[in-house]
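Notes for the structure review
Each chain, letter by letter, is given below.
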Amino acid sequence: MKQEEALLWIAEIFEEPKENVRPETLREAIPGFDSMGVLALMAALDKDFDIVLTEEDIRTIIKVGDILRILERNGKLEAGAA
Amino acid sequence: MRFILIDKILKLSPGKSIVATKTMQADEELFRDHFPGFPVVPGVLLTEMMAQAAGKCLDSEKSPRGRAMLGKISNATFRRWVPPGETAVITAEIDSNREEFATAKCHVEVEEKRVCSADLFFVFVPHEQFAGAYVDEVLESYLRENRIQGSEPGAA
């Protein structure tokens, strides 16, 4: 998956316009990235990519780029796209 | 009107799938408004039927993680009208079932025709949040009749 595809996928999870979701976008800047949003992210990672997020992974998510890195680490994002 | 939107469980595999029924009676007050002269079961109630069925499927595991509560509705589609008196057959298949959340694919059929479907997302609320004396009679009677047992709520 390319970075733009991943950003669109993330925007859909948090029900945010895609132009508001960039690698540098902070978690606090996305209203849908609340406790329910975290669970929706976990469910989507599990369903779409078979990635089971750990509590440690969740703690490290400060911005959108951190989600990209999780995808990259699991081989779901082109290397260097995070 | 009580907010019990499942009359009977027909089949249950705890944490995996459920088939249940609900028949809305024509004398329910809501049909005076939905709609005058054209009574049909509101889509929100069909959605709640799916949520309650899937919730019972998850709750039947008797997991200490808590009681399943609807968190998100996706891909809800309503295809046909359901008049009062018709029996809705509700099916829920649990997609993913984790400690923190669960997802379910659900649909409702009337006379073997699909009337609506939705993907539902559940979170879990600790059992202590609810009245201690609360008993889900529909679920418990099915479990008793079919001798299905789980661990007690709160048990590790």
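Quick summary incoming for the structure in this document. (Residues numbered from 1 in each chain as written. Chains lettered and ligands numbered in written order. Predicted model: local features only at pLDDT ≥ 70, side-chain atom pairs only at ≥ 80, totals over all residues. Heavy atoms only, no water.)

This part covers the overall build of chain A. The secondary structure content of chain A amounts to four helices and zero strands. Listed by position from the N terminus, the elements making up chain A come as α-α-α-α. Taken against the 2.2 N^0.38 rule, which gives 12 Å for 82 residues, the C-alpha radius of gyration of chain A at 11 Å falls within 12% of a compact globule. Structurally, chain A occupies a C-alpha span of about 30 × 25 × 20 Å along its principal axes. A total of 82 residues make up chain A; the buried ones form 46% of that total. Looking at chain A alone, contacts between residues at least 24 apart form 50% of all its contacts between residues at least 6 apart. Accessible surface, chain A: about 4500 Å² in total, of which carbon and sulfur atoms supply 51%. Taken together, the 10 basic and 18 acidic charged side chains of chain A have centroids lying 3 Å from each other. (Helix = DSSP H or I, 4+ residues; strand = E, 2+ residues; numbered from the N terminus. Rg over C-alpha atoms; globule rule 2.2 N^0.38 Å. Buried < 20%, exposed > 50% of the residue type's maximum accessible area, 1.4 Å probe, protein only. Contact = heavy atoms within 4.5 Å. Areas by Shrake-Rupley, 256 points an atom, 1.4 Å probe, with all protein chains shown as cover. Lys, Arg positive; Asp, Glu negative; His and termini not counted. Charge placed at Lys NZ, Arg CZ, Asp CG, Glu CD.)

Counting residues at the interface gives 10 residues for chain A and nine residues for chain B. Approximately 810 Å² of surface area, both sides summed, lies buried where chain A meets chain B, with 67% of it carried by carbon and sulfur atoms. The largest per-residue losses of area from chain A upon contact with chain B belong to Met36, Leu39 and Met42 of chain A, which jointly make up 48% of the total buried on that side. Between the two partners, chain A and chain B, sit two salt bridges. Where Arg98 of chain B meets Asp46 of chain A, a salt bridge forms, and the shortest distance between an N and an O atom there is 3.1 Å. Counting across the chain A and chain B interface gives one residue pair in polar contact (both at pLDDT 80 or more). (Buried area = accessible area lost by both parts, 1.4 Å probe. Salt bridge = Lys/Arg side-chain N within 4 Å of Asp/Glu carboxyl O. Polar contact = N/O pair within 3.5 Å; in protein donor to acceptor, adjacent residues only side chain to side chain.)

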